[in-house]
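A look at the structure
Here is what each chain is made of, one letter per residue.
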Amino acid sequence: KTTPTSYTDPKVVAINKSLAHFGQAMKPGAYLVDTYPILRFVPGYLSQLKTWHQEDLALFNGQLDAVRRQMVRDFAVLTDILAHYCEA
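Residues numbered from 1 in each chain as written. Predicted model: local features only at pLDDT ≥ 70, side-chain atom pairs only at ≥ 80, totals over all residues. Heavy atoms only, no water.

1. Comments concerning the packing of helix α1 (residues 10–25) against helix α2 (residues 47–87)
Their axes nearest at 10 Å, the elements α1 and α2 cross at an angle of 140 degrees. Viewed along their axes, α1 and α2 adopt a mutual orientation that is oblique. For the pair α1 and α2, the crossing hand works out as left-handed. Residues Lys-11, Ala-14, Ile-15, Lys-17, Ser-18, His-21, Gln-24 and Ala-25 of α1 lie in contact with α2, whose contacting residues are Leu-49, Trp-52, Glu-55, Asp-56, Leu-59, Phe-60 and Gln-63. Here the residues of the contact of α1 with α2 sort into seven nonpolar, four polar and four charged. (Axes fitted to C-alpha atoms, helices over the stretch in contact; angles between N-to-C directions. Helix = DSSP H or I, 4+ residues; strand = E, 2+ residues; numbered from the N terminus. Parallel < 35°, antiparallel > 145°, perpendicular 65-115°, else oblique. Left-handed = near helix turned anticlockwise from the far one by under 90°. Contact = heavy atoms within 4.5 Å. Nonpolar A, V, L, I, M, F, W, Y, C, P; charged D, E, K, R; others polar.)

Given below as structure tokens:
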């Protein structure tokens, strides 16, 4: 493995933070909006959850982009290998 996996690695910290937020948000009754759905229309009531959502989207989109970049690099290498093999 070429990447560090210690608890201080920014990616590991972001994933742990995301999982902690998820666990907190999924607790039954953690938010009054579960009992009183009308609260979702109160400005600012769900701002913490929306902030967490944006952070999670940034994390997951970053991971997806890294995979896409790696796939493009791997495809380019494979294309070069096949081109070299076909020339021989």
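Structure's up, so let's keep going.
2. So, the nonpolar core
Residues Tyr-31, Val-33, Leu-39, Leu-46 and Trp-52 constitute the largest nonpolar core, which totals five residues. Beyond its immediate stretch of four places on either side in the chain, Leu-46 contacts Val-33 and Arg-40. (Core = buried A, V, L, I, M, F, W, Y, C linked by side-chain atoms within 4.5 Å. Buried < 20%, exposed > 50% of the residue type's maximum accessible area, 1.4 Å probe, protein only.)

3. Points about the side chain of Asp-9
With respect to the element layout, Asp-9 can be found in the segment before α1. This buried residue, Asp-9, is left without a salt bridge; Lys-11 holds the nearest opposite charge, at 6.5 Å. Reaching out from Asp-9, the side chain makes a polar contact with the backbone nitrogen of Lys-11 at a distance of 3.1 Å. (Lys, Arg positive; Asp, Glu negative; His and termini not counted. Salt bridge = Lys/Arg side-chain N within 4 Å of Asp/Glu carboxyl O. Polar contact = N/O pair within 3.5 Å; in protein donor to acceptor, adjacent residues only side chain to side chain.)

4. What about the pattern of salt bridges?
Enumeration according to the criterion identifies two salt bridges in this entry. Glu-55 serves as the salt-bridge partner of Lys-17, at 3.7 Å between the closest nitrogen and oxygen. Of this pair, Lys-17 sits in helix α1 while Glu-55 sits in helix α2; the two residues are 38 residues apart in sequence, bridging distant segments of the chain. One salt bridge in this structure joins Arg-68 and Asp-65, with 3.2 Å as the shortest N-O distance. With Arg-68 and Asp-65 both in helix α2 and three residues apart, the pair spans about one turn of that helix.

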